[in-house]
Amino acid sequence: MLSKERMNALIRIAMEEADAAVERGDDPYGGAIVDQEGNIFVRNGNRQNTEQNPAAHAEMVLIREAAKKLGSNDLSGYISVCNAESCPMCASALVIAGIKEFYFGAWFEDGFQPNIQMSVVKDACYDNIILEGGILANECSAGIKRGREKLSKNV
Ligand SMILES: [Zn+2]
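Read on for an overview of the structure.

Some thoughts on the coordination of the zinc ion
Protein coordination at the zinc ion comes from His57 (ND1), Cys87 (SG) and Cys90 (SG), with a distance range of 2.0 to 2.3 Å. Here the donor residues of the zinc ion share one chain and are spaced in sequence as H-x29-C-x2-C. Residues Cys87 and Cys90 agree in their burial class; the two are buried.

What follows is the structure, encoded as structure tokens:
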């Protein structure tokens, strides 16, 4: 379990990655995979538009990078940090990768992606994971809204 100070710092890094995603024309989501001490292993953001890949959510990009960097499919012991709650695709992929700790900012709200919450995935399938949401939730939500507005003006 990471300290509150470190967790807040990591969520702010996730927000930076979300802002960077918006700058390149991708959706406002970002995150990191960190080790047990909270050191960044990889950090990145959504790349759906950049890669023309509907599955390139931030978490999927992060899993791919982390596994490659580690030279293994097994990311056991690593921790997922995101500016928003993971969707069911990402939550499942993270669990399959061996990750059991999840920290995120904003909860899904109306207008944010599929309204199927990660907690549903947890309750249905994986009751042995640590899940904490709502970290700096207002800042994260505001950042996502700002990013969406910026993207809509670029169209
Ligand atoms: Zn996702």
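Overview of the packing of helix α2 (residues 58–70) against helix α3 (residues 88–96)
Running from amino to carboxyl end, α2 crosses α3 at an angle of 20°, the nearest separation of the two axes being 9 Å. Regarding the angle of α2 to α3, the classification is roughly parallel. Judged by the sense of rotation from one axis to the other, the crossing of α2 with α3 is left-handed. Contacts from Glu59, Met60 and Ile63 in α2 reach Met89, Cys90, Ala93 and Leu94 in α3. Along the lines of polarity and charge, the residues of the contact of α2 with α3 split into six nonpolar, no polar and one charged.

A closer look at unusual backbone geometry
Positive phi values are uncommon outside glycine, yet Gln52 reaches one of about 45°. Its place among the elements puts Gln52 in the loop between β2 (40–45) and α2.

With respect to the packing of aromatic side chains
To describe a pair of aromatic rings, one takes the distance between the centres and the angle between the planes. In the structure shown here, the tally under the stated rule is two aromatic pairs. Ring geometry for Phe41 and Tyr78: centres 4.8 Å apart, planes at 40°, overall tilted. Placement of Phe41 in strand β2 and of Tyr78 in the loop between α2 and β3 (79–84) is noted, with a sequence separation of 37 residues between them. The class of Tyr78 is buried, set by a relative accessible area of 15%. With a centroid separation of 4.9 Å and 85° between ring planes, the pair formed by Phe104 and Trp107 is classed as edge-to-face. When its relative accessible area of 1% is taken as the criterion, Phe104 is described as buried. Just above the ring of Phe41 sits the side chain of Lys69; from NZ or CZ to the centre is 4.6 Å.

So, how was this worked out
Residues numbered from 1 in each chain as written. Predicted model: local features only at pLDDT ≥ 70, side-chain atom pairs only at ≥ 80, totals over all residues. Heavy atoms only, no water. Donors = N, O, S within 2.8 Å, 3.2 Å for Na, K, Ca; no water. Buried < 20%, exposed > 50% of the residue type's maximum accessible area, 1.4 Å probe, protein only. Axes fitted to C-alpha atoms, helices over the stretch in contact; angles between N-to-C directions. Helix = DSSP H or I, 4+ residues; strand = E, 2+ residues; numbered from the N terminus. Parallel < 35°, antiparallel > 145°, perpendicular 65-115°, else oblique. Left-handed = near helix turned anticlockwise from the far one by under 90°. Contact = heavy atoms within 4.5 Å. Nonpolar A, V, L, I, M, F, W, Y, C, P; charged D, E, K, R; others polar. Phe/Tyr/Trp six-rings, centres within 6.5 Å; stacked < 30°, edge-to-face > 60°. Lys NZ or Arg CZ within 6 Å of the ring centre and 35° of its normal.

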